[in-house]
Amino acid sequence: MVGMKGQAYILPETLIDVLQLITFVALFIGTFLIFTTYNVVIKSSIEDREAFEMIDVILGDRCLIFERDGNFFKGIFDVNKLAKKISCVELGKFSFKVEDLRGNSFVFGECSKEMYSVPITIKEGENLVLGKMVICY
Amino acid sequence: MKGTLLTYLLQFFSGVIIVVVILMSSTIVSYHIFQKNWINSKLQAEVLSSIISSLSSSSFDYKLKIYVGNSCNIRVSSSNITCTIGEESYTIKPIIPNYVELVESTSLCNDGFLEIVKIGDRIWLE
């Protein structure tokens, strides 16, 4: 009976040790992940910033946007200029496409991985058609 | 005995993880302490690059005043912006359309203010 008591006493103590260690390991893995995530956020934020700048510049690209009487309309693309597929912005690692709600699409570059999209308007003759511009990486 | 062996193994691996976490966190912290000037010059260059990109996408003329204090060693050359703080410098190429010209210029920073001027398709620092 004494031996049985001893065995019954040792088992929970070991379990507590194991649980303690698991808790410590989880705590330190958590800390490790915080630092790793920090690094990932810092690195990916550069690409995000460049993507937002690229969106802003493309929305005001005179080679693509609608013009009337020497005035350029930011965010309104000219369908004739889009058809020429000539952008005045050096795209580098980025690419983009402009799609309207009718299903027409104008792709500049490969556009394999889509990052962000913004609503835009396309001027087709006298009509204005809603659409979106997608920036790709 | 099996329970004890498991405990030792867990102690060993937790020790390894603790060492890795301490090494990694100390590396990151020391990196930020020793590279402070480099990081600040990079941040300054990125902010100015974003501002210039934004200006270049507009057809209006602008004259922007930005407070930079003593961190005023900023230069534009060959379509690049170079910011220097201390002995560390960072160069960045802003995203602008090819019809916009970044005029070679250096910041003067009267009273700690940097001026970015855009007239027509030309942008420069004053």
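The structure this text deals with has already been given above.
**Student:** Got a sec to walk through the overall build of chain A? Specific residues and values, please.
**Tutor:** Each helix and strand counted, chain A has 2 helices and 6 strands in total. Secondary structure elements of chain A occur, N-terminal to C-terminal, as α-β-β-α-β-β-β-β. Sorting the 137 residues of chain A into buried and exposed places 21% on the buried side. Put simply, of all contacts in chain A between residues at least 6 apart along the chain, 47% involve residues at least 24 apart.

**Student:** Give me the overall build of chain B: which residues, what numbers.
**Tutor:** When its secondary structure is counted, chain B shows 2 helices and 8 strands. The helix and strand sequence of chain B, counted from the amino end, reads α-α-β-β-β-β-β-β-β-β. The C-alpha radius of gyration computed for chain B amounts to 24 Å, which surpasses the reference 14 Å derived for 126 residues by more than 25%, pointing to a less compact arrangement than a globule. Referenced to the eigenvectors of the C-alpha coordinate spread, the extents of chain B come out at roughly 80 × 30 × 20 Å. Counting every position in chain B, which comprises 126 residues, the buried fraction comes to 24%. Sequence separation of 24 or more characterises 64% of the internal contacts of chain B that already satisfy a separation of 6 or more.

**Student:** Can you lay out the sheet that holds strand E2 (residues 71-78) of chain A for me, pointing to particular residues and giving the numbers?
**Tutor:** Residue and element names in this part refer to chain A. Judged by pairing direction, the sheet is mixed, and its 6 strands sit side by side in the order E1-E2-E5-E6-E3-E4 without closing on themselves. Looking along the sheet, the strands with just one partner apiece sit at the ends: strand E1 (65-68) and strand E4 (105-108). Between one strand axis and the next, the sheet turns through 30° on average, direction left out of account. Bridge count for E2 against strand E5 (residues 114-124) is 3 bridges, and the pairing is parallel. From the neighbouring strand, Ile-76 faces E5, where its bridge partner is Thr-121.

**Student:** Summarise the sheet that holds strand E7 (residues 113-119) of chain B; cite the residues concerned and give the values.
**Tutor:** Residue and element names in this part refer to chain B. One open sheet accounts for 4 strands, arranged E1-E7-E8-E5; its pairing is mixed. The open sheet is flanked by strand E1 (62-67) and strand E5 (101-102), the only strands paired with a single partner. The pairing of E7 with strand E8 (residues 122-125) spans 4 bridges and is classified as antiparallel. Within E8, the position partnered with Lys-118 by the bridge is Ile-123. Across the sheet, helix H2 (residues 36-56) is in contact with E1, E7 and E8; its angle to E7 comes to roughly 25°.

**Student:** Break down unusual backbone geometry for me, citing the residues and quoting the values.
**Tutor:** Unusually for a residue other than glycine, Cys-111 of chain A sits at a positive phi of about 55°. Locating Cys-111 of chain A in the fold gives a position in the loop between E4 and E5. With 17 C-beta atoms packed within 10 Å, Cys-111 of chain A lands in the partly exposed category. A positive phi is found at Ser-79 of chain B, a non-glycine position, where the angle reads about 60°. With respect to the helices, strands and loops of the structure, Ser-79 of chain B is situated in the loop between strand E2 (73-77) and strand E3 (80-85).

**Student:** Lay out the pairing of strand E6 (residues 127-136) of chain A with the relevant residues and their values.
**Tutor:** Residues and elements named next belong to chain A. Two strands pair when backbone bridges link them, and strand E3 (residues 95-100) and E6 are joined in this way by 6 bridges, in the antiparallel orientation. Its bridge partner being in E6, Glu-99 is matched across the sheet by Lys-132. With 10 bridges joining them, E5 and E6 adopt antiparallel strand pairing. The partner of Val-118 across the bridge, within E6, is Met-133. Counting the residues between successive antiparallel strands, the hairpin from E5 to E6 contains 2 residues, one of them, Gly-125, with a positive phi of roughly 65°.

**Student:** Outline the interface of chain B and chain A, supporting the account with residue identities and numerical values.
**Tutor:** Across the boundary between the two partners, chain B contributes 27 residues, which contact 26 residues of chain A. At the level of elements, helix H1 (2-34) and H2 of chain B are the ones that each hand at least two residues to the side of chain B that touches chain A. A total of 14 residues in the side of chain B that touches chain A trace back to one element, the largest contributor, which is H1 of chain B. Split into classes, the residues belonging to the side of chain B that touches chain A amount to 12 nonpolar, 14 polar and 1 charged.

**Student:** Explain the pairing of E8 of chain B to me, and be specific about the residues and the numbers.
**Tutor:** Side chains of E8 of chain B alternate between two faces, with Ile-123 and Leu-125 of chain B buried and Arg-122 and Trp-124 of chain B left unburied. Between E7 of chain B and E8 of chain B, which pair antiparallel in sequence order, lie 2 residues; one of them, Gly-120 of chain B, sits at a positive phi of approximately 65°.

Calculation notes
Residues numbered from 1 in each chain as written. Chains lettered and ligands numbered in written order. Predicted model: local features only at pLDDT ≥ 70, side-chain atom pairs only at ≥ 80, totals over all residues. Helix = DSSP H or I, 4+ residues; strand = E, 2+ residues; numbered from the N terminus. Buried ≥ 20, exposed ≤ 12 C-beta atoms within 10 Å, placed from the backbone. Contact = placed C-beta atoms within 7 Å. Rg over C-alpha atoms; globule rule 2.2 N^0.38 Å. Pairing = 2+ DSSP bridges. Axes fitted to C-alpha atoms, helices over the stretch in contact; angles between N-to-C directions. Nonpolar A, V, L, I, M, F, W, Y, C, P; charged D, E, K, R; others polar.

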